[in-house]
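# Coordinates in review
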Amino acid sequence: MIQVSEKCVGCGKCVSTCPFGALSLVNRKAVPNASCTMCGACVSVCPVKALSLPAQGAVKKDLSAYKGVWAFIEITDDGKSQKVRPVGFELLTKGRELADQLGEELAAVVIGDGVEKYFAELSSYGADKIYSVSSPAYHDYNTLAYTNAMVTLIKKYNPSVVLFPSTYIGRDLSPRISAELFVGLTADCTGLSIADGLLIQTRPAFGGNIMADIKCPDYRPQMSTVRPNVFKKVVTRPGSMAQVVSEVIGVPAQAGKVRIMSKYFDEVGAQEKLDEAEVVIAGGRGMKDAAGFGLLGQLAEQLGGAVGASRAAIDLGLLPKEKQVGQSGVTVAAKLYIACGISGAVQHIVGMEHSDVIIGVNKDANAPIFNVCKYGFVGDARQLLPKVVDAIKRAKAK
């Protein structure tokens with residue numbers, strides 16, 4: 001907490017400057033409260049130099065009470081049924097590895113309505129414990145309601161690490177929790193590891209030109225978001241059953257400010273589900289135009305896959321933004337990934353390198369895409385793909 005000396009004259013400049021409302025005037029003297037994050041904004045504006053940050057080391061907090069790795073499990077609703085979003089299993093698989101290295105428990109946190117039916121499956125992915133908040137009030141995602149529930153659980157049980165999916169919900173929920181708890185958050189991690197008892201959070205930086213390792217030694221919990229398909233999901237404890245801790249947490253009144261009046265779900269075909277596809281056919285600038293991407297669609301139809309694109313192709317308007325594969329798009333982990341007319345910039349590689357088999361087709365024999373391919377073909381994809389499609393059709397007709 002910020003320190004206020006006897007020099008304070010009660011001018012109020014620090015009060016109006018504080019972005020967190022952590023200062024107030026009491027008997028014409030600035031008094032900090034628990035909202036203080038020690039950002040230092042007030043120190044620089046004080047005309048009499050009455051405010052100061054505590055000496056280094058004075059703000060160290062006892063972190064020994066924080067134990068356990070948590071994974072927030074997102075429940076999806078397609079209008080027909082609800083299920084665990086696959087990225088939750090990926091977080092549990094990685095969380096199991098981290099928890100074992102720390103010698104701590106792995107817990108799944110599930111908030112929703114009737115979540116009991118997911119417990120057995122979550123347990124099979126390595127969860128030692130499941131924290132459950134189940135109520136009809138949580139049937140639909142609500143930022144304030146879910147934030148209140150997560151913050152309540154974290155304050156009560158003190159986990160050391162909390163992992164969130166980098167999805168629409170995860171990206172909305174995790175920063176709100178980070179702000180409520182005054183802790184850091186590393187977004188879109190591509191790697192997580194343990195070193196000296198700390199979570200090392202790896203993510204692309206400076207436009208993807210470097211990979212940065214981020215750690216948080218002084219605050220808990222350590223929080224990260226992870227994109228779907230970055231980690232593999234593995235059943236590590238088949239048939240096991242985790243300890244279930246059910247919590248009853250009321251929904252705050254302010255959550256009622258947001259209400260869902262109606263829902264509409266688009267019918268999504270197999271070729272639309274890019275992040276779930278086992279086969280992805282992606283095109284880049286080398287496919288040139290809509291006709292070139294039509295060839296990708298024909299191949300995807302034959303292989304039962306989805307069509308994606310590099311950022312260059314998206315910028316040309318050949319596919320909508322949601323079809324972009326890469327650092328600023330979707331991360332895929334397909335069984336087969338075919339990159340056509342894609343040079344292979346690092347920003348694209350980050351989004352597809354976890355695929356099992358990668359095939360590259362490019363006219364430039366020195367294209368970086370060939371450095372990550374299992375199979376590479378030097379040539380014009382626009383000339384090659386029609387022959388491949390015809391060969392597949394003939395093979396199916398036999």
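### Notes on the pattern of salt bridges
When their charged atoms lie close together, side chains carrying opposite charge are able to pair. Tallied over the full model, the rule gives 14 salt bridges. A salt bridge links K29 to E6, with the nearest nitrogen and oxygen atoms 3.5 Å apart. With K29 in the loop between β2 (23-25) and β3 (30-32) and E6 in the loop between β1 (3-4) and α1 (13-17), this residue pair connects regions lying 23 residues apart in the sequence. With a shortest N-O distance of 3.1 Å, D356 and K232 are connected by a salt bridge. Highlighted residues: D356 in the loop between α9 (346-349) and β20 (357-362) and K232 in the loop between β15 (222-226) and β16 (243-246), separated in sequence by 124 residues. Look at D356 and you get partly exposed, because its relative accessible area is 49%. The class for K232 is partly exposed, based on a relative accessible area of 44%. One salt-bridge network, held together by shared partners, links R96, D100, D128 and R237.

### So, the domain arrangement of the protein
Taken domain by domain, the protein consists of domain 1 (1-54), domain 2 (63-254) and domain 3 (270-397). The C-alpha centroid of domain 3 is placed 32 Å from the C-alpha centroid of domain 2. Taken residue by residue, the interface counts 11 residues in domain 2 and 14 residues in domain 3. The junction of domain 2 with domain 3 conceals about 1100 Å² of combined surface from both sides, 38% of it contributed by carbon and sulfur atoms. Counting across the interface, domain 2 meets domain 3 through 1 salt bridge. If you look at where domain 2 meets domain 3, you find 7 residue pairs in polar contact (both at pLDDT 80 or more). Classifying every residue of the side of domain 2 that touches domain 3 by side-chain character gives 3 nonpolar, 5 polar and 3 charged.

### Section: the nonpolar core
Side chains of nonpolar character tend, in soluble globular proteins, to be buried together. Of all hydrophobic cores here, the largest spans 32 residues; its most connected members are I73, L92, L122 and L192. Of all the elements in the fold, those that place two or more residues in this core are β5 (69-73), α3 (87-102), β8 (106-112), α4 (119-124), β10 (161-165) and β12 (191-195). The biggest single contributor to this core is α3, with 7 residues. Every residue in contact with L122, bar those within four places of it in the chain, is listed here: I73, V84, F89, L92, A108, V110, A127 and I130. In terms of nonpolar packing, the next biggest core, distinct from the first, is built from 26 residues, V109, I177, V245 and A255 among them.

### Description of α3
Side chains that are three or four residues apart share a direction in an α-helix, a result of its 3.6 residues per turn. Counted at 1.5 Å a residue, the expected span for α3 with its 16 residues is 22 Å, and the 22 Å between its end C-alpha atoms agrees. The buried fraction of α3 is high, at 13 of 16 residues. Backbone geometry just downstream of α3 places G103 in the positive-phi region, at approximately 70°.

### Structural notes on the packing of aromatic side chains
Summed over all chains, the structure comprises 7 aromatic pairs. A ring pair is formed by F72 and F164, whose centres lie 5.9 Å apart and whose planes are at 35°; its orientation type is tilted. Residue F72 is located in strand β5, and its partner F164 is located in strand β10; the two are separated by 92 residues in the primary sequence. Here F72 matches F164 in class, with each residue buried. Taken together through their ring pairs, the aromatic side chains of W70, Y131 and Y157 make up a single cluster.

Rules behind the numbers
- Residues numbered from 1 in each chain as written.
- Predicted model: local features only at pLDDT ≥ 70, side-chain atom pairs only at ≥ 80, totals over all residues.
- Heavy atoms only, no water.
- Salt bridge = Lys/Arg side-chain N within 4 Å of Asp/Glu carboxyl O.
- Helix = DSSP H or I, 4+ residues; strand = E, 2+ residues; numbered from the N terminus.
- Buried < 20%, exposed > 50% of the residue type's maximum accessible area, 1.4 Å probe, protein only.
- Domains from an automatic or database assignment.
- Contact = heavy atoms within 4.5 Å.
- Buried area = accessible area lost by both parts, 1.4 Å probe.
- Polar contact = N/O pair within 3.5 Å; in protein donor to acceptor, adjacent residues only side chain to side chain.
- Nonpolar A, V, L, I, M, F, W, Y, C, P; charged D, E, K, R; others polar.
- Core = buried A, V, L, I, M, F, W, Y, C linked by side-chain atoms within 4.5 Å.
- Expected span 1.5 Å × (residues − 1).
- Phe/Tyr/Trp six-rings, centres within 6.5 Å; stacked < 30°, edge-to-face > 60°.

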